[in-house]
Amino acid sequence: MPPQRARAALARAIAVLDAAERRRRPVDLVHALGEVARAYRDLGEPASAAWYLQQALQQACTLGGVDARADLLCRLAEVEAMRADREARADGDA
C-alpha cells in the first residue's frame, strides 16, 4: 500500500477507535484496535501494530469467545515476525 494511502487508513482507523471508545462496547473496541494495528502494519511499524493488537487481545478476553482471540494471536505473531525480521536485518547491517 502506498504510504499516503496507509496514513489515510490510519487516520480513519483512529477515528473509528475514538468512536468505539465513546460507545464502550468491547466488540467495537476489538475491531477498531485491530484496524489501527493493520494500518500501522501497512505503514511498516510492527511495534505499534503489536501494541494495538495486544490491547485488542485484552479486550477480546472479556468477550469470552475464542475465535477473535485466535485471530488476534495470529495477527500478533505476524507483526512480531515482521519486527524480528526487521531487527535481524538491522543487526546484519551494523
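Structure shown above.
Worth saying up front: this structure is predicted, and the values here are computed from it rather than measured.

Q: Please clarify how the side chain of Asp28 should be interpreted in this entry.
A: Relative to the helices and strands, Asp28 resides in helix 2 (residues 26–42). With residues up to four places along the chain from it excluded, the contact list for Asp28 reads Ala20 and Arg23.

Q: Mind showing me how you'd approach helix 3 (residues 46–61) here?
A: Note: α-helices contain 3.6 residues per turn, so residues at a spacing of three or four share the same orientation. Spanning 16 residues, helix 3 covers 22 Å between terminal C-alpha atoms, matching the ideal 22 Å at 1.5 Å per step. Within the sequence span of helix 3, burial applies to Pro46, Ala49, Ala50, Tyr52, Leu53, Ala56, Leu57 and Ala60. Burial along helix 3 is one-sided: seen end-on, the buried residues are contained in an arc of 165°. Looking at the buried residues of helix 3, the elements they touch are helix 1 (3–23), helix 2 and helix 4 (67–93).

Q: Would you mind going over unusual backbone geometry with me for this structure?
A: Leaving glycine aside, a negative phi is the common case for residues, and trans is the common case for peptide bonds. Positioned with a positive phi, Arg24 is a non-glycine residue whose angle comes to about 60°. Its location among the elements puts Arg24 in the loop between helix 1 and helix 2.

Q: Help me understand the packing of aromatic side chains, please; the structure alone is not making it clear to me.
A: Between two aromatic rings, the relevant description is the distance of the centres plus the angle of the planes. According to the stated counting rule, one finds 2 aromatic pairs in the structure shown. Note on Tyr40 and Tyr52: the rings are 5.6 Å apart at their centroids and 20° apart in plane angle, and the pair reads as stacked. In this pair, Tyr40 is assigned in helix 2 and Tyr52 in helix 3, connecting sequence segments 12 residues apart. Given a relative accessible area of 14%, Tyr40 falls into the buried group. Pairing Trp51 with Tyr52 gives two aromatic rings, centres 4.9 Å apart and planes at 80°, and the pair type is edge-to-face. An aromatic cluster of three or more residues is present, and its members are Tyr40, Trp51 and Tyr52.

Analysis parameters
- Each chain has its residues counted from 1, following the order in which its sequence is written.
- Where totals are concerned, whole chains, interfaces and linings use all residues; where local detail is concerned, this predicted model gives features only for residues with pLDDT of at least 70, and gives and counts side-chain atom pairs only at 80 or more.
- Only heavy atoms go into the side-chain values, all of them from the structure, while hydrogens and water stay out.
- Strands here mean DSSP runs of E at least two residues long; helices mean DSSP runs of H or I at least four residues long; both are numbered from the N terminus.
- Should any heavy atoms of two residues lie within 4.5 Å, those residues are considered in contact.
- Between the first and last residue of a helix there are one fewer steps than residues, each counted as 1.5 Å, and that sum is the expected span.
- Burial here depends on accessible area, computed with a 1.4 Å probe over protein chains only, as a share of the maximum for the residue type. Under 20% is buried, over 50% is exposed, and the range in between is partly exposed.
- Starting at the helix axis, one direction is taken to each C-beta atom, and the arc is that of these directions.
- Pairs were defined over the aromatic rings of Phe, Tyr and Trp, the Trp ring being its six-membered one, requiring ring centres within 6.5 Å. Orientation was assigned from the angle between planes: stacked under 30 degrees, edge-to-face over 60, tilted for the rest.

Geometric values such as these leave the question of function open.
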